[in-house]
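Descriptive structure summary
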Amino acid sequence: MDHITPLLLLGLIGLLGFLSQWLAERVKLPAILFLLIIGILLGPILSVLNPDALFGELLFPYISLSVAVILFEGALTLSRHELKDIGRPVLKLISVGMLINGLITAVATHYIVGFSWAMSALFGAIMVVTGPTVIMPMLKAVRPQPKIGDALRWEGIIIDPIGALFAVLVYEFIIVLQMDAGYGEIAQVFLSTIGVGVAIGVAAGYGFGLLIRNHKIPEGIQNFAALAFVCFVFSLSDELMHESGLLAVTLMGIILANMRDVNTRAILGFKEDLTVVLVSVLFIVLAARIEFSGFVALGWSAVVLFLVMQFIARPINVFVSFIGSDFSWQERALVAWIGPRGIVAAAVVAVFAIRIESLGYEDASLLVPLAFTIIIGTVFVQGLTARSIALRLGVAQPATDGVVIYGANSFSIQLAGLMNSLGIAVLLCDSNWDKLRLPRLHGINTYHGNPSSKDALKKIELDNYGVFLGLADHYEANVAQANRFKETFGERRVFILPVHNSYGNPERDLAIEDFSARTLFNDDLNSFQLGRVIAFGGAVKTTKLSENFDLEKWREHAPNSVPLCVLTTAGELNFAVSGEELSTQADDQIIYLANGFKANSSGHKAEEKQELTAASK
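Let me sum up the structure you'll find in this document. Remember, it's a predicted structure, so these values are computed and weren't measured experimentally.

Rules and cut-offs
Residues numbered from 1 in each chain as written. Predicted model: local features only at pLDDT ≥ 70, side-chain atom pairs only at ≥ 80, totals over all residues. Heavy atoms only, no water. Pairing = 2+ DSSP bridges. Helix = DSSP H or I, 4+ residues; strand = E, 2+ residues; numbered from the N terminus. Contact = heavy atoms within 4.5 Å. Axes fitted to C-alpha atoms, helices over the stretch in contact; angles between N-to-C directions. Patch = residues over 30% accessible without salt bridge, like charges linked within 9 Å, V, L, I, M, F, W, Y side chains within 5 Å. Areas by Shrake-Rupley, 256 points an atom, 1.4 Å probe, with all protein chains shown as cover. Salt bridge = Lys/Arg side-chain N within 4 Å of Asp/Glu carboxyl O. Core = buried A, V, L, I, M, F, W, Y, C linked by side-chain atoms within 4.5 Å. Buried < 20%, exposed > 50% of the residue type's maximum accessible area, 1.4 Å probe, protein only. Lys, Arg positive; Asp, Glu negative; His and termini not counted. Charge placed at Lys NZ, Arg CZ, Asp CG, Glu CD. Phe/Tyr/Trp six-rings, centres within 6.5 Å; stacked < 30°, edge-to-face > 60°. Lys NZ or Arg CZ within 6 Å of the ring centre and 35° of its normal. Expected span 1.5 Å × (residues − 1).

The strand order across the open sheet formed by 6 strands is E3-E2-E1-E4-E5-E6, and the pairing between neighbours is parallel. Each edge of the sheet is formed by a strand with only one pairing partner; in this case those strands are strand E3 (445-448) and strand E6 (518-519). With 3 bridges joining them, strand E4 (residues 465-470) and strand E5 (residues 494-496) adopt parallel strand pairing. Across the sheet, residue Gly470 finds its bridge partner in E5, namely Ile496. Packing of helix H19 (residues 410-421) onto the sheet brings it into contact with strand E1 (402-406), strand E2 (426-430) and E4, and relative to E2 it is tilted by some 160°.

Shown next as structure tokens:
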């Protein structure tokens, strides 16, 4: 680090964190794998990054505040209606299951690694956490059935603060052993920690929710207000009672997410982006603090411990927790396989390793490398295998992102029906009940109402979908829905039909941000034109491409047909967009709008044929 300035080093960490996230999106693996590799390269291998020297005394306060923001963001996604089907198993996972998991891990650590009973108990307590920072990306890659995803998500978020408190209890017990104090002191410390965390978290969550509900905080600074509140609530709670801050911010997020008339979507979107940044920096920094001598000292015992945790501790935990639930054995098996450790485990073990080492425990220096062995092992093994296991068990959703279609009309119903027949999850939404009658009869999944309303967000499992199509007859309605779904799916996955000519100059009449969604097909094929094509016998069809029948050959074969989208062999949907070339490969399926006009058509039909021919070019 002598030849690299701290400023350049901070910039390098940010850039490498971004590259890790980008690569993870490309190869569909958790970003933590690449972040850990980069951290190890910068730290123990190349000796470029020394986090303790770079951050000094601010290192662990920064780690603690970052973990608090991450937990708060995860808690904002927890809606109480999800507990209807998964509540009892989740409660068991974070109580009885957690104790079983911690006990088995502690015993295995003592006999396999050779830690003292005190150190083994502390390590077992820390390793009960799974963590939203690795669960969320893994669920996106695995795409399990909604019930499985909800159970793992709830467990991952709630067990982090509970697991941290569990570790605090064990740590206090070790302190008592050193001080020769009574067990009553342990109970007092534990109950005080819970009491302070609950009181501050509930008060902060309800108070901040009232400020938002009553419009006391301007919308432009609500995101900053949320960040400031979270950091202060965590700091205050932790100052009053050590290790109570994680519980406080988690409860604050859960209360905000479930308060009536409190819109947290903007805050959640901001926190999700911030969490990506924080996780990227944290994993690189923590991995850079690892010393290889610790891995050498552990030897193969760390690997054997990982196998025990993966194949014995986690399955027993899930088996006991899911007794009496309506989860099938296949669903339980997938839950038992997925339990990666993440940033909270890494941060907590880093903090406690320093504290416990000061008490004279010689093996305390091995806590961090042992923890990172488990983190790397669980993320790597589960990240590479969970999707294939889910498919073999029959509890995985299709690899293709589901499509939310707004606006039920003759064209959208045909498109939804064809996608549905191809195994693509489709949700057709409209506020007119009569328009949804026909698609319901054809087995298309529908939603009656506004798909971006708070009621819809409670009932629609958006994890099943990743694309929004605004196909309604009213351009303003498409724009309004697109702007809302951008927060969930991202701007590149939100599409709307072009504006009809009757709007005159849309740049003059509509706000500039309304045009951030991508325009489907081309600038001429609006909802009115699509409706006329279908009325004259047009139909949405599909055909498979090959090396001998590529996109150009298809255009020659169907010169008056309009390409709508391509379903790739990898299961991705690529939509035809105005101003962009549609790329295809062999074995892709092209979904297109075939014309319904006769060769000798005249009058309006001839005009329609000319319009469709122009639109196809």
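A surface patch of nonpolar side chains, about 560 Å² in accessible area, is lined by Leu15, Phe18, Leu19, Trp22, Leu23 and Val27. Residue position: Leu15 is located in helix H1 (residues 6-27).

Attention now goes to the nonpolar core. Counting residues in hydrophobic clusters, the biggest one holds 133 residues, and the most contacted among them are Leu122, Phe208, Ile356 and Leu367. With 14 residues, helix H9 (residues 146-179) is the single largest residue contributor to this core. With residues near it in sequence (within four places) discarded, Leu122 still touches Ala167, Val170, Tyr171, Ile174, Phe352, Ile356 and Leu367. One finds Leu469, Ala558, Phe575 and Val577 within the second-largest nonpolar core, a separate group that totals 45 residues.

Positionally, Phe283 belongs in helix H13 (residues 265-288). Note on Phe283: relative accessible area 1%, which makes it buried.

All told, the structure shown has 7 salt bridges when counted by the stated rule. Between Asp52 and Arg289 there is a salt bridge, and its shortest N-O distance comes to 3.0 Å. Taken together, the positions of Asp52 in helix H3 (residues 51-55) and Arg289 in the loop between H13 and helix H14 (292-298) put the pair 237 residues apart, joining distant regions of the chain. Judged by its relative accessible area of 36%, Asp52 falls in the partly exposed class.

What follows deals with the sheet that holds strand E7 (residues 539-544). Strand order in the open sheet made by the 4 strands is E7-E10-E8-E9, with antiparallel pairing throughout. Looking at which strands have only one partner, the edges of the open sheet turn out to be E7 and strand E9 (573-575). Looking at each pair of strands side by side, their axes are set apart by 25° on average, direction ignored. Across 3 bridges, the pairing between strand E8 (residues 562-567) and E9 is antiparallel. When the sheet's bridge partners are listed, Cys565 is paired in E9 with Phe575.

Turning next to a negative patch on the surface. The grouping of Asp550, Glu552, Glu556 and Glu581 at the surface amounts to a negative patch. Its place among the elements puts Asp550 in the loop between E7 and helix H25 (551-557).

Our next topic: the packing of aromatic side chains. Following the criterion strictly, the structure yields 9 aromatic pairs and no others. Taken together, a centroid distance of 6.2 Å and an interplanar angle of 50° make the contact between Phe292 and Phe295 tilted. On the criterion of helical spacing, the pair formed by Phe292 and Phe295 is a turn pair, its members being 3 residues apart in helix H14. Exposure remark for Phe295: the relative accessible area of 22% places this residue in the partly exposed category. Between Trp554 and Tyr592, the aromatic rings sit 5.2 Å apart at their centres with planes inclined by 65°, giving edge-to-face as the arrangement. Remark: Tyr592 occurs in strand E10 (residues 589-594) and Trp554 occurs in helix H25; sequence separation between them is 38 residues. Both residues of the pair, Trp554 and Tyr592, belong to the buried class. One cation-aromatic arrangement involves Lys147 over Phe327; the distance from NZ or CZ to the ring centre is 4.6 Å. Residue placement shows Arg440 over the ring face of Trp433; its charged tip is 4.2 Å from the ring centre.

Another point: helix H6 (residues 96-113). Taking 1.5 Å of rise per residue, 18 residues should cover 26 Å, and H6 covers 25 Å from first to last C-alpha, within 8% of that figure. Positioned one or two residues after H6, Gly114 has a phi angle of 90°, which is positive.

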